[in-house]
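# Observations on the three-dimensional arrangement
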Amino acid sequence: MKIGTAVLAVLSAASVYGAEGFGVPRTFGAQRAALTSVAMSTTEKEGTETKDDAKKDKEAPPVNIGWDSHKAVDAVPDSLVREGESGPDGNYPMRAKFEQMCREAQLKITKAIEDIDGKASFREDAWVRDNGGGGMSRVLCDGNVFEKAGVNLSVVYGSMPQEALQAATERGVDRAKGYKPGERVPFFACGLSSVMHPKNPHAPTMHFNYRYFETDGGVWWFGGGTDITPAYVNEEDMKQFHGTYKEVCDKHDPEFYPKFKEWADRYFVIQHRNETRGLGGIFFDDLNDRDPDTIFEFSKEALNSVVKAYGPIVEKHKDDDFTEKEKEWQLMRRGRYVEFNLVYDRGTVFGLKTGGRIESILMSLPETARWEYDMHPEPGTPEADFIDACKQPREWV
């Protein structure tokens, strides 16, 4: 069964979250009870609201939920970071520096991918939204080598629900400490994210995301990583990919690679399958244990190593011969990719809960995927070996 995953994504989101603004699914009875509760609390508030409460409401950050708030523009401004406007007070120089780093990397990476593909070019959509921020989505489709590839820049700020903060970081509960239940959290976020889906089953899918967050009260942290999702195990490819990132990590802190490699193996688990999405890489979050400029330099080098880590692998396999069975297996692994992204991926959940641009959020999904009922590869086959590597993560370097 082959399914267009963009359609699947919309249907899945609608069925899971309904019209509740991507909150927890509710029964009709629960919805009615919730409406009654809201009506009662509103009535109570009308009788007890003070001048201070009214002033606080007036000064509250704007609500950024709204998927129709993104406006297409011919080009975004030179910077989407504007001091005094871009979310809560904080480290404006770092915000601007991180955005500039992401812009430069977006151009460099998309140029390298176009060169590898040799046919297709990236289409660019620039957008802004009324409540603050904007971005640039660059997407390539139906190339010689890549079925779909995208690299998205986003700079967003305003306020978010506490459950969105929970989705954005493992320490979400701590980040919202001091806020009353239901109170929104002022935030700033800038990031560059990408997914590459080659056509050849022997050329792996690759994903990266590097981001910088701030919330009210001077709280900040970096997160991100790069990971690889092949359909088959190729030890030389894994040594190339993991070896590149071990070299980057070791340059900045010898503890980074083992820690972030294990973190990736733990994070990219499809829990309902008890297997990883792919064969890992590095992943980190909540990184603020040293000077921000020091972490920035690590994030910058990791981001700028994407082409070095991934490009040679695609070049090596883009013209490999493959069978129809191998293509079907690739599509089934893409199905697993879709499952992880729609159910567990932190960036997807954060984007949906903060009113992100839908086309940019769902850019990560492949154009085609496959599900077969109760499919298990035959023991001793390359497909079975790949599943074993997903169930028992291996050391590659």
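Overview of the structure.

Rules and cut-offs
Residues numbered from 1 in each chain as written. Predicted model: local features only at pLDDT ≥ 70, side-chain atom pairs only at ≥ 80, totals over all residues. Heavy atoms only, no water. Helix = DSSP H or I, 4+ residues; strand = E, 2+ residues; numbered from the N terminus. Buried < 20%, exposed > 50% of the residue type's maximum accessible area, 1.4 Å probe, protein only. Axes fitted to C-alpha atoms, helices over the stretch in contact; angles between N-to-C directions. Parallel < 35°, antiparallel > 145°, perpendicular 65-115°, else oblique. Contact = heavy atoms within 4.5 Å. Nonpolar A, V, L, I, M, F, W, Y, C, P; charged D, E, K, R; others polar. Phe/Tyr/Trp six-rings, centres within 6.5 Å; stacked < 30°, edge-to-face > 60°. Core = buried A, V, L, I, M, F, W, Y, C linked by side-chain atoms within 4.5 Å. Disulfide = S-S within 2.5 Å. Polar contact = N/O pair within 3.5 Å; in protein donor to acceptor, adjacent residues only side chain to side chain.

We now examine the overall build of the protein. Scanning the protein for helices and strands turns up 14 helices and 12 strands. The 397 residues of the protein split such that 51% are buried.

Another point: the packing of helix 4 (residues 92-117) against helix 9 (residues 292-303). Remark: helix 4 packs on helix 9, axes separated minimally by 11 Å, with the N-to-C direction vectors making an angle of 10 degrees. Between helix 4 and helix 9, the interaxial angle falls into the category roughly parallel. Taken together, the residues of helix 9 that come into contact with helix 4 (itself represented by Met-94, Lys-97, Phe-98, Met-101, Ala-105 and Ile-109) are Pro-292, Asp-293, Phe-296, Ser-299, Lys-300 and Leu-303. Of the residues belonging to the contact of helix 4 with helix 9, the class tally is eight nonpolar, one polar and three charged.

Okay, the packing of aromatic side chains next. The final tally for this structure, using the stated rule, is 23 aromatic pairs. Seen in terms of ring centroids, Tyr-157 and Phe-188 are 6.5 Å apart; in terms of plane orientation they differ by 15 degrees. Their pairing is stacked. Of the two residues, Tyr-157 sits in strand 5 (residues 146-160) while Phe-188 sits in strand 6 (residues 185-198), which places them 31 residues apart along the sequence. Relative to Phe-222, the ring of Tyr-212 lies with its centre 4.8 Å away and its plane at 50 degrees, an arrangement referred to as tilted. One end of the pair, Tyr-212, is in strand 7 (residues 205-215); the other, Phe-222, is in strand 8 (residues 219-229), with 10 residues separating them in the sequence. The class of Tyr-212 is buried, set by a relative accessible area of 0%. Taken together, the aromatic side chains of Phe-208, Tyr-210, Phe-256, Phe-260, Trp-263, Tyr-267, Phe-268, Phe-283, Phe-284, Phe-298, Phe-340 and Tyr-344 make up a single cluster linked through ring pairs.

A word on the nonpolar core. Counting 73 residues, the largest nonpolar core has Phe-146 and Phe-222 as the members making the most contacts within it. What Phe-222 contacts, discounting residues up to four positions off in sequence, is Met-94, Phe-98, Arg-211, Tyr-212, Phe-284, Asp-285, Asp-286, Leu-287, Pro-292, Ile-295, Phe-296 and Ser-299. Core analysis: the next-biggest nonpolar cluster, separate from the first, contains 10 residues, Ala-164, Ala-189, Trp-221 and Phe-350 among them.

Let us look at the state of the cysteines. Cysteine pairs can be linked by a disulfide, which is a covalent bond between their two sulfur atoms. Taken as a whole and judged by the stated rule, the model has zero disulfides. Left unpaired, Cys-190 is separated from the closest cysteine sulfur, that of Cys-102, by 4.4 Å. Residue class for Cys-190 comes out buried when judged on its relative accessible area of 2%.

With that settled, consider helix 12 (residues 346-353). Judged by how many residues are buried, helix 12 sits mostly within the fold: seven of eight residues are covered. Of the positions making up helix 12, those classed as buried are Arg-346, Thr-348, Val-349, Phe-350, Gly-351, Leu-352 and Lys-353. Measuring from the backbone nitrogen of Thr-348 back to the side-chain oxygen at the start of helix 12 gives 2.9 Å, which picks out Asp-345 as the cap. Gly-355 sits one or two residues past helix 12 and shows a positive phi near 70 degrees.

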